[in-house]
Amino acid sequence: MSAKNIAAGFLMALLALSLLGFGVEGFGSRSQNVASVGDRNISANTYARAMQNELRAFQSQMGQALTMEQARLFGLDQMVLEQLVNNAVLDNEAARLGVSAGDTTVQREILQIGAFQGLDGSIDREAYRFALQNAGMNESEFETTIREDVARSILQLSVISGASAPDSLVQPLLDYQAQTRDVTVLSLSVENLAEPVGRPDQATLQAFYEANLDRYTLPEGKRISYAWITPEMVIDTIEVDEAILREAYEARLSEFSQPERRLVERLVFSDMESAEDALARINAGDATFESLVAERGLELEDTDMGDVTRAQLGAAADVVFALEAPGIVGPAETTLGPAIFRMNAILSAQEVTFEQARDQLRDEQLADLARRVLSDDYDLYEDLLAGGATVAQLGQETEMQSGQMDWRPGMTDGIAAYESVRDAAEALQEGDFPEISFMQDGGMFALEYLEALPATPRPLPEIETQVIADWQNERILEGLRAQAEELAMALRGNGDAPELNIAPVRFDGLRRTDIMPDLPRDLVAATFEMDTGEVRIVESANRVHILELHAVESPDLMLDDVADLRSALEMQIEQSIAQDLFGYFSNSLRQTTPIRIDQPMIDAVQANF
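Residues numbered from 1 in each chain as written. Predicted model: local features only at pLDDT ≥ 70, side-chain atom pairs only at ≥ 80, totals over all residues. Heavy atoms only, no water.

Participant: Explain the nonpolar core to me, please; I cannot follow it from the model alone.
Facilitator: One broad trend across soluble globular proteins is that nonpolar side chains are buried collectively. Among the nonpolar cores identified, the biggest contains 32 residues, and Val-34, Ile-42, Tyr-47, Met-51 and Ala-71 are the most heavily contacted of them. When residues of this core are traced back to their parent elements, those giving at least two are β1 (33-37), α2 (44-62), α3 (68-74), α4 (76-97), α7 (139-160), α24 (560-591) and α25 (599-606). Element by element, the count of residues in this core is highest for α4, at nine residues. With sequence-adjacent residues up to four places away left out, Met-51 is seen in contact with Met-68, Ala-71, Leu-76, Asp-77, Val-80 and Phe-609. Ranked by size, the runner-up nonpolar core spans 16 residues in total, among them Tyr-226, Leu-428, Met-439 and Tyr-449. (Core = buried A, V, L, I, M, F, W, Y, C linked by side-chain atoms within 4.5 Å. Buried < 20%, exposed > 50% of the residue type's maximum accessible area, 1.4 Å probe, protein only. Helix = DSSP H or I, 4+ residues; strand = E, 2+ residues; numbered from the N terminus. Contact = heavy atoms within 4.5 Å.)

The structure is reproduced here in structure tokens:
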């Protein structure tokens, strides 16, 4: 991989995060730093922007906002600071070695960023300035960031360029993953029993229940008083103004009213003659769109425009939209030059009226308003608890609903259907002060410890059906186990096989990642624990399987899939070694670089979130 590709990939990942945030203000009036690393300073603005990007990335991934207090619990603040310090250490080393990126490289990287491009693919100066303004940066700061990122990537490449996967490590892994085995499976089920197991009498059932009491014993738990409120509980008390719904509809008009679109790929040429020759070759059957793309040294994804409207196609709209079925047309002039187009699908116009979207908009607005109502009451609930109110009193004095539950591990009904409640209940200890916590849907709850619940056997009458089924399964397995032992002895040559109407199933060339249709997955794992000629009995829920291993084969390196697996293993090992090398390199630099952290300034930045 070239330094250019590594640098571009590293840079684009950083930029994707950097452009998510809004401007960070409040630290730009004078020079204020959260840390100094050698000759480099990490400004409060830089730390605030990085922290904001991390919070937004978490919100995008998890679907819920994260407070600064929660971020500290997850360690996100330390992770952001560590990354900034590590980057500064590498910047110092790059400067010491004279590693830098020139203006041409910086310009090329900026031109590749989609957020700065117009519809024709060229740089849009206004989009560039606007995106940087929203990210809280000016052009000079941003271009310096790019220059430093590329320099760090070049430094990284120089460190990891010697990483390679030794054959002594690759070959054993390949042997392990690509080794094949030939095995025969005989499966016994209840149909192979000479007689049905029947139903136990009450004395037998009672004895079985008592002998297996641990199976039917509820684990230790806690009696908990709870109060909770969810958006659904208050949604019927909220009215949504019709004007708000219409405003929401107008704001999302592009979602509800979409013009006819086409799925289009575009291949641009330097001049009209070249474009015409290319189309003529396609029409004559001498070339395909794919082969022309390959001739240009491109990938199909480089030509993909996605679903586009007439307005987005500009002057080429008439020729592309004239097609009534998928096909190739052109050439047509574009802002990038003459191009031919492949249209792959027609997406009809969609028009959803306000009346059709009203119920959806109302439900969304109600849910949002309900969450806001609950959020507004948070301080009220907290104040009541701080004033000495019990969780039960929350249910009496507020709109929260209260109750008690006998919580034990595995409980998932009622309020325990929420993962956050289950986690809180598991952590709850005697003497803990009740506090308001949030649910995944925006609801809130509080828990109060009442008393411990000892492990308790469930009464037999309550679970009699389950106990009967367990007894029957054990009797079935006992009968099948005896038959399986006879079969195994016969296969080993030590006895005669019983008369059973069983068809053996043979699997040749079985790999560790393969499956045996209609058979448990652990049979494959058992096969790879066996020696050639071995016969093994494996039990599942209500079946017994006899495995006979016939042969063990080493990987055939001439097979394409084995070669692909070897290449994948080499790549994984090289990446792991490269990561370790760069980690050792970074750590050694940190040990020789003076680092000073300004915790009060960090606290001041975090206080603004």
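Next comes the rest of the description.
Participant: Would you take a moment to explain the sheet that holds strand β7 (residues 261-268) for this structure?
Facilitator: The pairing of strands in a sheet happens through backbone hydrogen bonds and is either parallel or antiparallel. Read from one edge of the open sheet, four strands run β8-β7-β10-β9, paired in antiparallel fashion. Of all the strands in the sheet, the pair left with one neighbour each is β8 (304-308) and β9 (327-332). Averaged over neighbouring strand pairs, the angle between their axes works out to 30 degrees when direction is ignored. By the bridge criterion, four bridges tie β9 to strand β10 (residues 339-347) in an arrangement that is antiparallel. The partner of Val-329 across the bridge, within β10, is Phe-341. (Pairing = 2+ DSSP bridges. Axes fitted to C-alpha atoms, helices over the stretch in contact; angles between N-to-C directions.)

Participant: What is the right way to read the packing of α7 against α24 from this model?
Facilitator: In contact at an axis separation of 9 Å, α7 and α24 are set at 115 degrees when each is read in the N-to-C sense. In terms of axis orientation, α7 runs roughly perpendicular to α24. Where α7 crosses over α24, the handedness of that crossing is right-handed. Judged by residue contacts, Leu-155, Gln-156, Val-159 and Ile-160 of α7 engage Ala-578, Leu-581, Phe-582 and Phe-585 from α24. Looking at the contact of α7 with α24 residue by residue, the classes come out as seven nonpolar, one polar and no charged. (Parallel < 35°, antiparallel > 145°, perpendicular 65-115°, else oblique. Left-handed = near helix turned anticlockwise from the far one by under 90°. Nonpolar A, V, L, I, M, F, W, Y, C, P; charged D, E, K, R; others polar.)

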